[in-house]
Amino acid sequence: MICAVVRTETSEQAVSAMAEAKRLGADLCELRIDYLRNPDLPKILSAKPLPVLATVRPKWEGGQFDGDESVRFGLLEDACLHGADYVDVEFRAYKDLKLRDAKLIVSYHDFEKTPEDLEATALKMASLEPLFVKVACQPRGIADLARLVRLQKTFPSPIAVIAMGEVGEPLRVLYARYGGRLTFASIQAGQESAPGQLSVEDLVRLYQAKTIDDETEVYGVVGDPVAHSKSPVVFNDVFKHLGMNARYVRFKVDDPAALPALVREMDLRGFSVTIPHKQAVAGLVDEADDIVRGVGAANTVSVKDGRLIGANTDLPGAMEAIQDAAVRKWSHGIYGMRALVLGAGGVSRAIAWGLKREAARVVIANRSFERGKALAEELGVDFVRWESLADARAQIIVNGTSVGMTPKTDESPVDASLFKKDMVVMDTVYTPRSTKFLKDARAAGALGIDGVEMFLRQANHQFRIWRGRPIPTEILKEFSQRL
Ligand code: NAP
């Protein structure tokens with residue numbers, strides 16, 4: 001069930017918020033009585049369009065209520081009297097209430113961490129025999145997230161495990177996949193009652209959360225940051241279009257070494273890898289294709305019989321986009337052309353390797369001199385200093401740095417004077433689509449290729465690896481216009 005959190009100051013606003021929650025597709029509302037200034041519970045509860053969970057969260061458990069405990073429990077009993085369907089009582093302050101027809105949920109919150117004794121605490125909570133236990137904790141990394149998923153999957157009685165913060169997002173989306181009873185969501189962005197809460201709209205539309213079940217196949221993107229990734233929009237749409245019971249979520253990953261355990265716990269079928277983990281993941285997969293071995297970076301992992309198989313689709317995605325543009329610009333491909341690759345991270349490494357394989361004359365430049373030089377030596381290509389990019393005398397320039405990415409959209413890694421008319425210029429950054437780097441290049445008359453072109457091509461290769469078929473052309477065309 002998707003539970004929309006109603007946290008308004010007035011009773012009138014609470015009534016409208018409940019109606020909005022229903023319109024958006026929520027299944028129930030949590031009425032946060034602690035946010036209301038003068039709660040008119042008969043008025044609110046007589047207008048409820050959905051079942052209501054009544055909560056008066058005290059300050060000491062992360063809420064707004066600062067008064068006497070007897071007043072707090074009085075409000076909860078009033079809510080039960082006037083028709084609340086569920087009532088939330090904090091484990092730390094548990095006492096018997098006149099519940100009338102309402103069902104009890106016993107809750108526990110830790111906004112700082114995932115405590116060592118969480119499993120034992122949850123068992124003590126379950127011994128109170130509530131309808132279900134709710135525990136909401138802050139995972140400090142993916143090892144904690146894996147632990148919270150395990151608790152959700154293995155707990156002997158009904159439980160809703162909420163993982164807070166950006167790291168916890170996958171469990172907020174996929175709760176039903178692992179046996180969870182409900183997830184909490186905001187009615188509007190900015191109205192969250194806890195860190196990392198998604199909106200009802202995102203859960204219903206983007207993630208189709210209401211149809212997730214224990215057979216849903218799980219994919220995702222692994223990185224840090226991951227919030228900018230367009231992959232969830234693309235893959236969830238493709239799964240929906242093709243009627244596949246699969247979802248794609250974002251994993252903010254601090255420590256890639258903990259990934260194999262998370263993959264096992266969440267039964268992941270595959271994942272994309274983004275900044276800054278492509279090289280680390282190349283080192284931890286059980287098998288790797290030729291490109292991953294040559295490039296030393298993996299952006300795609302599929303899981304087969306518990307083994308992690310690494311691939312690199314950035315390379316074919318980028319190479320196809322550059323080749324197409326080169327043919328359009330010069331009516332021949334990139335063979336023999338001088339290509340300057342800016343950056344020495346995962347993407348630059350793959351593109352430089354691919355350009356060399358296509359017999360372009362590759363030159364690398366990187367902000368950090370040593371890293372760039374080391375990559376050039378490793379790949380056996382030329383190197384220029386960041387201060388002397390014109391020395392590369394490039395006909396093709398590729399931005400493989402993250403400069404220009406949202407929110408710093410007024411930045412470009414190079415001076416506009418570097419661009420000439422007879423050039424093909426590609427930016428790998430795709431948020432925004434039209435970067436300052438590309439605008440400068442196009443203003444000089446160069447043929448610009450944006451990051452979305454590369455992104456959609458690499459996503460298509462990724463989908464083929466995971467599902468054995470390409471993304472239908474009409475969907476790719478639609479995304480090419482929409483992104
Ligand atoms: P990465 O491994 O973290 O490498 C980042 C690179 O950017 C490094 O070379 C770094 O230089 C350079 N850099 C960062 N800030 C800089 C600055 N202020 N000035 C100059 N150079 C700077 O990242 P990655 O995985 O290669 O990804 C790079 C970009 O490609 C990202 O923007 C990502 O969104 C984009 N991307 C696009 C697609 C697509 O399909 N379009 C696919 C994958 C990635 P130092 O070595 O000096 O730190």
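Residues numbered from 1 in each chain as written. Predicted model: local features only at pLDDT ≥ 70, side-chain atom pairs only at ≥ 80, totals over all residues. Heavy atoms only, no water.

Colleague: Describe the overall build of the protein chain, with residues and values.
Modeller: A tally of helices and strands in the protein chain yields 17 helices and 21 strands. Looking at the protein chain as a whole, 56% of its 483 residues are labelled buried. Total accessible area on the protein chain stands at roughly 19,700 Å², and carbon and sulfur atoms take up 47% of it. Distance between charge centres in the protein chain, computed from 63 positive and 65 negative side chains, equals 4 Å. (Helix = DSSP H or I, 4+ residues; strand = E, 2+ residues; numbered from the N terminus. Buried < 20%, exposed > 50% of the residue type's maximum accessible area, 1.4 Å probe, protein only. Areas by Shrake-Rupley, 256 points an atom, 1.4 Å probe, with all protein chains shown as cover. Lys, Arg positive; Asp, Glu negative; His and termini not counted. Charge placed at Lys NZ, Arg CZ, Asp CG, Glu CD.)

Colleague: Lay out the site of the ligand with the relevant residues and their values.
Modeller: Not every one of the 25 residues close to the ligand is listed here, only the nearest: Val347, Asn366, Arg367, Ser368 and Arg371. Between Gly346 and the ligand, the recorded distance is 3.1 Å, taken from a backbone N or O atom to an oxygen atom. Contacts to the ligand include Val347, whose backbone N or O atom sits 2.8 Å from an oxygen atom. Alone, the ligand offers 930 Å² of accessible surface; in the complex the protein occludes 86% of this. With respect to the pocket detection grid, the ligand is positioned in the largest pocket. Where the shell around the ligand is concerned, the elements lending two or more residues are helix H13 (346–357) and helix H16 (451–467). The leading source of residues in the shell around the ligand is H16, at four residues. Here the residues of the shell around the ligand are counted per class, giving ten nonpolar, eleven polar and four charged. (Near = heavy atom within 4 Å. Polar contact = N/O pair within 3.5 Å; in protein donor to acceptor, adjacent residues only side chain to side chain. 1 Å grid on protein atoms, 1.4 Å probe; cavity = no way out; pocket = protein on both sides within 12 Å on 5 of 7 lines; lining within 4 Å. Sits in = over half its atoms within 2 Å of the grid points. Nonpolar A, V, L, I, M, F, W, Y, C, P; charged D, E, K, R; others polar.)

Colleague: Report on the packing of helix H8 (residues 231–241) against H16, specifying residues and quantitative values.
Modeller: Axis separation between H8 and H16 bottoms out at 11 Å; the angle between their running directions is 50°. If you check the angle between H8 and H16, you find them oblique. Between H8 and H16 lies a crossing of right-handed hand. Residues Ser231, Val234, Phe235, Val238 and Phe239 of H8 pack against Phe455, Leu456, Ala459, Gln462, Phe463, Trp466 and Arg467 of H16. Here the contact of H8 with H16 is composed, by residue class, of nine nonpolar, two polar and one charged. (Axes fitted to C-alpha atoms, helices over the stretch in contact; angles between N-to-C directions. Parallel < 35°, antiparallel > 145°, perpendicular 65-115°, else oblique. Left-handed = near helix turned anticlockwise from the far one by under 90°. Contact = heavy atoms within 4.5 Å.)

Colleague: Give a detailed account of the pairing of strand S12 (residues 268–273), specifying residues and quantitative values.
Modeller: Across the six residues of S12, five count as buried, placing the element largely inside the fold. With five bridges connecting them, strand S10 (residues 217–223) and S12 associate as parallel partners. Along S12, the bridge assignment pairs Val218 with Leu268. Looking at chain direction, S12 and strand S14 (residues 300–304) are connected through three bridges and run antiparallel. Considered in S14, the bridge of Phe271 is made with Val301. (Pairing = 2+ DSSP bridges.)

Colleague: Give a description of the side chain of Thr8 that names residues and reports values.
Modeller: Here Thr8 lies in the loop between strand S1 (2–6) and helix H1 (11–24). Exposure remark for Thr8: the relative accessible area of 11% places this residue in the buried category. A distance of 3.0 Å separates the side chain of Thr8 from the backbone oxygen of Thr10, its partner in a polar contact. A polar side-chain atom of Thr8 sits 3.2 Å from the main-chain amide nitrogen of Ala14. Filtering out sequence-adjacent residues up to four positions away, Thr8 remains in contact with Gln13, Ala14, Ala17, Tyr35 and Leu36.

Colleague: Can you break down the side chain of Asn366 residue by residue, with the values?
Modeller: With respect to the secondary-structure elements, Asn366 resides in the loop between strand S17 (361–365) and helix H14 (369–379). Judged by relative accessible area, which is 8%, Asn366 ranks as buried. Polar contacts involving the side chain of Asn366 include one to the main-chain amide nitrogen of Ala344, which spans 3.2 Å. Residues contacting Asn366, with those up to four places away along its chain left out, are Gly343, Ala344, Arg371, Gly372, Phe383 and Trp386.

Colleague: Residues and numbers for the packing of helix H5 (residues 142–154) against helix H9 (residues 259–266), please.
Modeller: Two quantities define a packed helix pair, namely the angle between the helix axes and the distance between the axes. Where H5 contacts H9, the two axes come as close as 9 Å, and the packing angle between them is 20°. By the angle class used here, H5 and H9 are roughly parallel. Read as a crossing pair, H5 and H9 show a hand that is left-handed. Residue-level inspection shows Ile142, Leu145, Ala146, Val149, Arg150 and Lys153 of H5 in contact with H9, the latter providing Leu259, Leu262, Arg264, Glu265 and Met266. Broken down by class, the residue content of the contact of H5 with H9 amounts to seven nonpolar, no polar and four charged.

Colleague: Explain the sheet that holds strand S11 (residues 246–252) residue by residue, including any values.
Modeller: Read from one edge to the other, the open sheet built from six strands follows the order S11-S10-S12-S14-S15-S13, with strand pairing classed as mixed. Edge positions in the sheet fall to S11 and strand S13 (287–288), since each of these pairs with one other strand and no more. Contacting S10, S11 and S12, H8 crosses the sheet at an angle of about 165° to S11.

Colleague: Report on the pattern of salt bridges, specifying residues and quantitative values.
Modeller: Two side chains that carry opposite charge are able to pair once their charged atoms sit near each other. Tallied over the entire structure, the rule returns 35 salt bridges. Between Arg150 and Glu265 there is a salt bridge, with its nearest N and O atoms 2.9 Å apart. Remark: Glu265 occurs in helix H9 and Arg150 occurs in helix H5; sequence separation between them is 115 residues. Overlapping salt bridges, with partners in common, bring together Glu30, Arg57, Glu69, Arg72, Asp88 and Glu90 in one network. (Salt bridge = Lys/Arg side-chain N within 4 Å of Asp/Glu carboxyl O.)

Colleague: Describe the sheet that holds strand S20 (residues 424–427), listing the residues and the values that go with them.
Modeller: Ordered by their spatial adjacency, six strands build an open sheet running S18-S17-S16-S19-S20-S21, and the pairing between neighbours is parallel. At either margin of the open sheet sits one strand with a lone partner, and together these are strand S18 (382–383) and strand S21 (447–449). One ladder, built from two bridges, connects S17 with S18; its direction is parallel. Among the inter-strand pairings, Val363 is bridged to a residue of S18, identified as Asp382. Packing of H13 onto the sheet brings it into contact with strand S16 (338–342), S17, strand S19 (396–399) and S20, and relative to S16 it is tilted by some 170°. The strands touched by helix H15 (residues 436–443) are S16, S19, S20 and S21; relative to S20, the strand with the most contacts, the crossing angle is about 165°.

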